[in-house]
Amino acid sequence: MRHIHIVGIGTGNPEHLTVQAINALNAANVILVPSKGAAKTELADVRRDICQRYITNKTIRFVDYDVPSRQIADRSYVQSVDDWHEEISATYERLFLEHLAEDESAAFLVWGDPGLYDSTLRIIERVTARGKVPLDYSIIPGITSIQALTASHRIPLNLVGKPVQITTGRRLAESFPGIAETAVVMLDGEQAFSKIVDPDAYIYWGAYLGTKDEIIIAGRLADVSERILATRAQARAEHGWIMDIYLLRKGQDFDDRA
Ligand SMILES: C[S@@+](CC[C@H](N)C(=O)[O-])C[C@H]1O[C@@H](n2cnc3c(N)ncnc32)[C@H](O)[C@@H]1O
């Protein structure tokens, strides 16, 4: 049966790769490499660097493929993602049939960890559900952008004994402040932090984490919000793209001690 390794590669620093990930890559017959458009060539460079550094098995074949883009016209967000996943799963099915013999394995290099805001696993599950290409799969965990963020700021993710919420920019307004003392916000194209009015909140922001272009800013939200907006806009203009994440925090350790 064909086997698919879904390998977490960390978030920009080739040294994020685990020994388990390196071994899984070298065990594959085929590495599947997505082409994602010129704007994100730096991300492609990170993947290439990882392959050059760590893949010692010279028999491995590299297969490039085009990732279909998500269509948004005339459909809800959920419908658009569902359609998109269906289309990608058809692409995967074709790739497996064309490039993998029945007893061979392939690896996907997944940004960060495959379990965090990534759909590779869901799409592989669609392929198996269709039953046209019998396959097995395994997941190799990777360093997430959350871990890269807290490490660069030298902060713990959670306050002592307190929960953490992981959310998106679109959802932030619904859930902060109030439910969680710590919220981590990803996939925020609208800079939702700048709409929060909360004098007690702190923000720990990071962009291009793990790469040579990493930028971090931290402080009271009211004091640094404008600086983050300006820095973000300038960096985005320079690179042509940006990936950023932030942690919002209210309160401190032990501040609810009776
Ligand atoms: C589609 S999600 C993928 C998350 C990834 N699987 C992980 O484990 O971090 C993309 C979002 O992750 C965050 N992200 C990923 N890599 C990042 C990096 N190097 N620097 C800052 N944020 C990053 C951003 O919020 C971005 O919008």
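- The protein chain carries the name Precorrin-6A synthase [deacetylating] in an unreviewed UniProt entry, which gives Rhizobium lusitanum as its organism.
- Within the UniProt record for the protein chain, the comment given under Catalytic activity (unreviewed entry) is "precorrin-5 + S-adenosyl-L-methionine + H2O = precorrin-6A + acetate + S-adenosyl-L-homocysteine + 2 H(+)".

### Description of the sheet that holds strand E10 (residues 244-249)
- Strands sit in the order E6-E7-E10-E8-E9 across an open sheet of five strands; the sheet is mixed. Looking at which strands have only one partner, the edges of the open sheet turn out to be strand E6 (164-168) and strand E9 (215-220). Averaged over all adjacent pairs, the angle separating strand axes in this sheet is 15°, with direction ignored.
- As paired strands, strand E8 (residues 202-207) and E9 are joined by six bridges and run antiparallel to one another. Paired with tryptophan 205 across the two strands is isoleucine 217, which belongs to E9.
- Helix-sheet contacts for helix H7 (residues 221-239) involve E8, E9 and E10, and the interaxial angle to E9 is about 160°.

### A few points about helix H2 (residues 41-54)
- Between its first and last C-alpha, H2 extends 20 Å over 14 residues, near the 20 Å set by a 1.5 Å rise per residue.
- Those residues of H2 lying buried are Leu43, Val46, Arg47, Ile50, Cys51 and Tyr54. Taken down its axis, H2 places every buried residue within 135° of arc, on the same side.
- Where the residues of H2 are buried, they touch helix H1 (19-27), strand E2 (30-35), strand E3 (61-66) and strand E4 (105-110).

### Description of unusual backbone geometry
- Positive phi values are uncommon outside glycine, yet aspartate 74 reaches one of about 60°.
- By secondary structure assignment, the location of aspartate 74 is in the loop between E3 and helix H3 (77-99).
- Classification of aspartate 74 as exposed rests on a relative accessible area of 83%.
- Phi is positive for tyrosine 208, which is not a glycine, with a value near 50°.
- Looking at where tyrosine 208 falls in the secondary structure, it is placed in the loop between E8 and E9.

### Section: the layout of surface pockets
- There is about 240 Å³ of room inside the second largest pocket.
- Taken together, 14 residues form the lining of the second largest pocket, with Gly12, Glu42, Val46, Thr211 and Lys212 sitting closest to its centre.
- The greatest single-element share of the lining of the second largest pocket, amounting to five residues, is contributed by H2.
- Considered class by class, the residues forming the lining of the second largest pocket number five nonpolar, four polar and five charged.
- Split by domain, the residues of the lining of the second largest pocket number at least three in each of domain 1 (2-140) and domain 2 (145-249).

How each quantity is defined
- Residues numbered from 1 in each chain as written.
- Predicted model: local features only at pLDDT ≥ 70, side-chain atom pairs only at ≥ 80, totals over all residues.
- Heavy atoms only, no water.
- UniProt positions renumbered as here; feature names shortened; annotations may be inferred.
- Pairing = 2+ DSSP bridges.
- Helix = DSSP H or I, 4+ residues; strand = E, 2+ residues; numbered from the N terminus.
- Axes fitted to C-alpha atoms, helices over the stretch in contact; angles between N-to-C directions.
- Contact = heavy atoms within 4.5 Å.
- Expected span 1.5 Å × (residues − 1).
- Buried < 20%, exposed > 50% of the residue type's maximum accessible area, 1.4 Å probe, protein only.
- Arc of directions from axis to C-beta.
- 1 Å grid on protein atoms, 1.4 Å probe; cavity = no way out; pocket = protein on both sides within 12 Å on 5 of 7 lines; lining within 4 Å.
- Points joined across faces, edges and corners; volume = space filled by probe spheres on them.
- Nonpolar A, V, L, I, M, F, W, Y, C, P; charged D, E, K, R; others polar.
- Domains from an automatic or database assignment.

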